[in-house]
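Chain by chain, the residues run as shown.
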Amino acid sequence: MQKQPYIVVLAGGIGSKFWPYSRNNYPKQFLDILGTGRTLLQMTFDRFVKLSDPKNFLVVTNQMYVDIVREQLPEISACQILAEPLRRNTATCVAYASYRIQSEDPNARVILTPSDHLILDELAFQKKINEGLKEAENHHRLIAIGIEPNRPETGYGYIQYKENPSGGALKKVKTFTEKPDEKLAETFLESGDFLWNSGMFVWKNSSIIQAFEKQMPEVAEVFEEGDGFYGSENEYDFVKKAYSLVKNVSLDYGIMEKSEDVFVLKSNFGWSDLGSWMSVHQIKERDADNNVVDANAVLYDTTNSYIKVSPKKLVVVHGLDNYLINETENVILICKLDAEKKFKEFVSDAKNKGEGFI
């Protein structure tokens, strides 16, 4: 009987598209975005603990969030939280976790997941992940979990696949594409051979190590040198040095777009990446005018909007369509609900007003 898989949770993002609710010192993965009583990180743990024991979890996060992770996930030990000294994108996160796992169990199987997604059909999800683990046993396959698209979404990355002559849900990956514009997203949807990129992957740890050695040898060389440090009191000192030596590269760009061993598992289990206010609006309970109201509010001629303000204040809204109104601490944000591409600019300009606003 095989050992249970490792679960590697990526939890170092800053969640800028949820600003001002999500802040640099307390980003969205640590917030109860959905009002369930559990944060997104805790919901991720709850989902995956049904697939593996808590001792098999590794949470990769920025050093400044380590204490928050320990507070929110008391089920895991301090040594299971991999602290990043710098933000170096997902390829570096995955390299760190992979070489740490190799030092513990060279035969490990791994599930990689973001920490801020929603999955509605958890039974279908578990079945698909187990299918991915089985497929990953063959050769050195790197299995991406792809989601069947139901709309021309511009906020997600896409995976194009080649049709499998023998049928089945597992497809050979043809291309990875970053977030497209609306016209291109419509083309993807019409073509029928594109899936949303969920950011979840399944593989044997030896397979991703081999991919790093082949596609990103400079990163492999850096993290190979940590073999005597992983799991020791000197691990963080080594990691600080390692992170200073590698470039800021995404996993998709550094490995997935270049490897010949990448496959995608076609899936449908009610998934959302909760990447923006708009994505949460789509899944939250809405009134007859398609508004999400998380506030003490009186609305007039207002439609398709999201109002989230402290219940201690009365909000009176008139004549808005497709708007977000959010007050969090010292910031009030009023903008178009679908203006997610402007948030980088919002946050940058707010920073110019003072660090305390971001």
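Look up a bit, the structure's there.
To start, this report covers the structure provided alongside it.

Parameters and conventions
- Residues numbered from 1 in each chain as written.
- Predicted model: local features only at pLDDT ≥ 70, side-chain atom pairs only at ≥ 80, totals over all residues.
- Heavy atoms only, no water.
- Helix = DSSP H or I, 4+ residues; strand = E, 2+ residues; numbered from the N terminus.
- Buried < 20%, exposed > 50% of the residue type's maximum accessible area, 1.4 Å probe, protein only.
- Contact = heavy atoms within 4.5 Å.
- 1 Å grid on protein atoms, 1.4 Å probe; cavity = no way out; pocket = protein on both sides within 12 Å on 5 of 7 lines; lining within 4 Å.
- Points joined across faces, edges and corners; volume = space filled by probe spheres on them.
- Nonpolar A, V, L, I, M, F, W, Y, C, P; charged D, E, K, R; others polar.
- Phe/Tyr/Trp six-rings, centres within 6.5 Å; stacked < 30°, edge-to-face > 60°.
- Pairing = 2+ DSSP bridges.
- Axes fitted to C-alpha atoms, helices over the stretch in contact; angles between N-to-C directions.
- Polar contact = N/O pair within 3.5 Å; in protein donor to acceptor, adjacent residues only side chain to side chain.
- Salt bridge = Lys/Arg side-chain N within 4 Å of Asp/Glu carboxyl O.
- Disulfide = S-S within 2.5 Å.
- Patch = residues over 30% accessible without salt bridge, like charges linked within 9 Å, V, L, I, M, F, W, Y side chains within 5 Å.
- Areas by Shrake-Rupley, 256 points an atom, 1.4 Å probe, with all protein chains shown as cover.
- Arc of directions from axis to C-beta.
- Expected span 1.5 Å × (residues − 1).

**Things to note about the overall build of the chain**
So, point 1. On a plain count of helices and strands, the chain comes out with 11 helices and 17 strands.
So, point 2. Taking the principal axes of the C-alpha coordinates as reference, the chain spans close to 60 × 50 × 35 Å.
So, point 3. The buried share among the 358 residues of the chain stands at 51%.
So, point 4. Looking at the chain alone, contacts between residues at least 24 apart form 66% of all its contacts between residues at least 6 apart.

**Some thoughts on the environment of W271**
So, point 1. On the secondary structure map, W271 appears in strand β11 (residues 271-272).
So, point 2. C-alpha separation for the pair W271 and L118, spaced 153 residues apart in sequence, amounts to 5.7 Å.
So, point 3. With near-sequence residues (within four places) excluded, W271 lies in contact with H117, L118, I119, I147, Y156, W196, N197, S198 and M200.

**Thoughts on the layout of surface pockets**
One way to see where empty space is left: roll a probe the size of a water molecule over the atoms.
So, point 1. Considered as a void within the structure, the second largest pocket measures approximately 220 Å³ in volume.
So, point 2. Forming the boundary of the second largest pocket are 13 residues, of which A78, I81, A83, E235 and Y236 lie nearest the centre.
So, point 3. For the lining of the second largest pocket, the element with the highest residue contribution is strand β3 (residues 81-84), accounting for three residues.
So, point 4. The class makeup of the residues in the lining of the second largest pocket is eight nonpolar, three polar and two charged.

**Some remarks on the packing of aromatic side chains**
So, point 1. On inspection of all chains with the given rule, the structure shows 23 aromatic pairs.
So, point 2. Aromatic pair F223 and Y243: ring centres 6.2 Å apart, planes at 85°, arrangement edge-to-face. In this pair, F223 is assigned in helix α7 (residues 217-224) and Y243 in helix α8 (residues 235-245), connecting sequence segments 20 residues apart.
So, point 3. Taking the relative accessible area as the measure of exposure, F223 reaches 0% and is therefore buried.
So, point 4. Plain terms: the ring middles of W277 and Y306 are 5.3 Å apart, the flat faces sit at 85° to each other, and that makes the pair edge-to-face. Of this pair, W277 sits in helix α10 (residues 277-283) while Y306 is found in strand β14 (residues 306-308), placing the two residues 29 residues apart along the sequence.

**A look at the sheet that holds β14**
So, point 1. Spatial strand order, β12-β14-β16-β17: four strands in an open sheet with mixed pairing. Edge positions in the sheet fall to β12 (292-294) and β17 (331-336), since each has one partner strand and no second. Put simply, the sheet's adjacent strands are angled 5° from each other on average, direction ignored.
So, point 2. Relative to strand β16 (residues 323-328), β14 runs parallel, the two being bridged by three bridges.

**Looking at the side chain of T92**
So, point 1. Inspection of the secondary structure assignment puts T92 in helix α3 (residues 89-104).
So, point 2. Overall, T92 belongs to the buried group, its relative accessible area being 1%.
So, point 3. A distance of 3.0 Å separates a polar side-chain atom of T92 from the backbone oxygen of R88.
So, point 4. When neighbours within four sequence positions are excluded, T92 is seen to be in contact with F223, Y243, V246, K247 and V249.

**Some thoughts on the pattern of salt bridges**
So, point 1. The full count for this structure, using the stated rule, is 17 salt bridges.
So, point 2. Residue E340 is joined to K17 by a salt bridge in which the shortest nitrogen-to-oxygen separation is 3.8 Å. One end of the pair, E340, is in the loop between β17 and α11 (343-353); the other, K17, is in the loop between β1 (6-10) and α1 (40-48), with 323 residues separating them in the sequence.
So, point 3. Exposure remark for K17: the relative accessible area of 23% places this residue in the partly exposed category.
So, point 4. Salt bridges here are not isolated pairs; linked through shared partners, they connect R47, K50 and E122.

**Notes on the state of the cysteines**
So, point 1. Counted under the stated rule, the structure contains zero disulfides.
So, point 2. The thiol of C79 is not disulfide-bonded; the next cysteine sulfur, from C93, is found 18 Å away.

**Some thoughts on a nonpolar patch on the surface**
So, point 1. Judged by side-chain polarity, V298, Y300, L314 and V316 come together as a nonpolar surface patch covering roughly 380 Å² of accessible area.
So, point 2. At the level of secondary structure, the elements contributing two or more residues to the nonpolar patch comprise β13 (296-300) and β15 (314-318).
So, point 3. In this fold, V316 is placed in strand β15.

**Observations concerning α7**
So, point 1. Of the residues making up α7, those classed as buried are V219, A220, V222 and F223. In a view along the axis of α7, the buried residues occupy a sector of 160°, so they form one face of it.
So, point 2. Against the buried residues of α7 lie α3, α6 (205-215) and α8.

**Digging into helix α4 (residues 122-136)**
So, point 1. Over its 15 residues, α4 runs 21 Å from end to end, which matches the ideal 21 Å to within 8%, given 1.5 Å per residue.
So, point 2. What α4 keeps buried is the set F125, Q126, K128, I129, G132, L133 and A136. The arc that holds every buried residue of α4, seen down its axis, measures 165°, which confines them to one face. Residues of α4 that are exposed and point more than 90 degrees away from the buried face comprise L123, K127 and K134.
So, point 3. Elements that come into contact with the buried residues of α4 comprise α1, β4 (109-114), β5 (118-119), β6 (142-147), β9 (194-204) and β10 (262-267).

The values reported here are purely geometric and, on their own, carry no functional implication.
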